[in-house]
Amino acid sequence: MKKILVTGGTGFIGSHTTVELQQKGYEVIILDNLSNSQEDVIDNITKITGVRPTFGKIDVADRTQLFDFLAKHQGIESIIHFAASKAVGESVKEPLKYYRNNVNGVINILEAMKEFGISNLVFSSSCTVYGQPEVLPVTEQSPIQPALSPYGNTKQINEEIIRDFIKVNPELHAICLRYFNPVGAHPSSLIGELPLGVPANLIPFITQTAAGIRECLSIFGNDYDTPDGTCIRDYIDIVDLANAHIAAINRMEQGKQKTGVEFFNIGTGNGLSVLELVKTFEEATGQKLNYKIVGRREGDIEKVWADTSVANNELGWKAVVPISQTMLNAWNWQKKISNIK
Ligand code: UFG
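Residues numbered from 1 in each chain as written. Predicted model: local features only at pLDDT ≥ 70, side-chain atom pairs only at ≥ 80, totals over all residues. Heavy atoms only, no water.

1. Side note on the site of the ligand
Filter applied, for reference: Any residue with a heavy atom positioned within 4 Å of a molecule or strand is treated as near that molecule or strand. By the criterion applied in these results, polar contacts are pairs of N or O atoms within 3.5 Å in which, for protein atoms, one can donate a hydrogen and the other can accept it, and in which residues neighboring in sequence qualify only through two side-chain atoms. Methods summary: accessible areas were calculated by the Shrake-Rupley approach with a probe of 1.4 Å, and residue burial reflects only the protein chains presented.
Taken together, 20 residues sit near the ligand, with Ser-126, Leu-202, Ser-218, Arg-233 and Asp-300 positioned nearest. Taking Leu-202, its main chain carries an N or O atom lying 2.8 Å from an oxygen atom of the ligand. Ser-218 is positioned with one of its backbone polar atoms (N or O) 2.7 Å from a nitrogen atom of the ligand. In isolation the ligand offers 690 Å² of accessible surface; the protein chains occlude 88% of this area.

Structure representation (structure tokens):
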């Protein structure tokens, strides 16, 4: 069995990716410092797959911890690096936390690849690197825009660090996946998104409102230059997104890369407005959603969706889960964690 290290493996994307990896026969080792996730996620992964991943409570930004762990776990061929701080608003208030965690994390991971002979890296990047693109849909060739937050900046910086490092270490390989908006939950309702406190993101806010935890969804602005005035995003199902990582690993394992570092947009190719998404949620779940229109949120991009043709053709990967199913999975997960029958 091929051994894969998944950092941030108890988080939202990491846990779903671990499940898909295990179901495809990989042996997964999870590292997570549990700063934004809980260890019982491991039990739920095990319930889904029947296989318990190895787990180390390790802070990847701490080089000594990481290297001590890896010295005891040889034979890893690939790393999927999710572990990072990810709250855009918090990153504005605490920039150094973001630069320290996210940039040190990547530097340590790259050094570890060299030190322990780990060939392949998949890095979690974001469509945030494109800012508000002038031309839509956005391709991998679209210009990178100055970051709007320290969080976004760490994604750009990390892409550059990876590019520079792979250039001088041709025996190593990397793929950066630029995610659009990851949403949903595993169809088993055993794993999903677990935001702490008041959710900043749309889907957890929607499901918590439907569950009665929040009184009302505030829709941030309806005066944008879009058909219904609300912002447009490309919402990608979490299991589809997880599978993009496996496609990326396979591409590197099979030596199919065109250059040592590659970049792929991971989305559906469809843009949906906030109001369209709310309507889809209501139709898919039968839940009426209490919402109101409020002012714009600072820093929001008006509209962005992916051109996924490069990912489709080169990775042989495509998003397949319909958005109505994704909404239903997110709602079923919310019901499960809120004990709603
Ligand atoms: N929105 C609301 N009300 C809410 C929350 C969100 O109307 O309570 C709207 C936002 O204004 C936006 C859309 O819903 O138009 C999506 O907002 P999210 O916060 O869910 O997602 P973003 O597109 O703002 O952010 C996502 C990721 C970030 C990443 C960013 C850019 O969550 O990590 O995409 O790539 F940085």
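So that's the structure; there's more coming.
2. Re the layout of surface pockets
If you roll a probe as big as a water molecule over the atoms, it shows you where there is empty space left. Selection criterion: In this analysis a 1.4 Å probe is tested at points of a 1 Å grid over the protein atoms alone, and where it fits but cannot get out there is a cavity; an open set with protein on both sides within 12 Å along at least five of seven lines is a pocket; lining residues have an atom within 4 Å of a point. Grid points are joined across faces, edges and corners, and a volume is the space filled by probe spheres set on the points. A run of H or I in DSSP counts as a helix once it spans at least four residues, and a run of E counts as a strand once it spans at least two, with each numbered from the N terminus.
Its volume calculated, the second largest pocket comes out at about 240 Å³. Glu-140, Gln-141, Glu-262, Phe-263 and Val-310 are the residues nearest the centre of the second largest pocket, which is lined by 14 residues in total. Of all the secondary structure elements, the ones that give two or more residues to the lining of the second largest pocket are α6 (150–167), β11 (261–266) and α10 (309–315). Looking at the lining of the second largest pocket element by element, the count peaks at 3 residues for β11.

3. Some thoughts on empty space enclosed by the protein
Stated formally: As a working rule, the residues Ala, Val, Leu, Ile, Met, Phe, Trp, Tyr, Cys and Pro are called nonpolar, Asp, Glu, Lys and Arg charged, and the rest polar, with Gly in that last group.
Applying the stated criterion across every chain yields a total of 1 cavity of 30 Å³ or more. Space inside the largest cavity adds up to approximately 90 Å³. Residue lining of the largest cavity: Gly-184, Glu-193, Pro-195, Ile-203, Pro-204, Thr-207, Gln-208, Ala-330, Trp-333, Gln-334 and Ile-337, and that is the complete set. Residues of the lining of the largest cavity, tallied by class, amount to 6 nonpolar, 4 polar and 1 charged.

4. With respect to the packing of aromatic side chains
What counts, and what does not: Between the rings of Phe, Tyr and Trp (Trp by its six-membered ring), a pair exists once the centres lie within 6.5 Å; its type follows the angle of the planes, with under 30 degrees stacked, over 60 edge-to-face, and the other angles tilted. The rule is simple: take the accessible area with a 1.4 Å probe, protein chains only, and divide by the maximum for that residue type; under 20% is buried, over 50% is exposed, in between is partly exposed. A ring has a charge above it when a Lys NZ or an Arg CZ is no more than 6 Å from the ring centre and no more than 35 degrees off the ring normal.
Applying the stated rule across the entire model yields 2 aromatic pairs. Ring geometry for Phe-67 and Phe-116: centres 5.3 Å apart, planes at 65°, overall edge-to-face. A residue pair is termed long-range when its members are at least 10 positions apart, and Phe-67 in helix α3 (residues 63–71) and Phe-116 in helix α5 (residues 95–116) qualify at 49 residues. Neither Phe-67 nor Phe-116 differs from the other in exposure class; each is buried. On the numbers, 6.1 Å between centres and 80° between planes, the contact of Phe-281 with Trp-331 is edge-to-face. Of this pair, Phe-281 sits in helix α9 (residues 274–285) while Trp-331 is found in helix α11 (residues 323–337), placing the two residues 50 residues apart along the sequence. Grouping residues by exposure puts Phe-281 and Trp-331 together as buried. For the cation-ring pair, Arg-63 lies above Phe-67, with the distance from its terminal atom to the ring centre recorded as 4.2 Å. Taking NZ or CZ as reference, Arg-296 lies 3.9 Å from the ring centre of Tyr-224, over its face.

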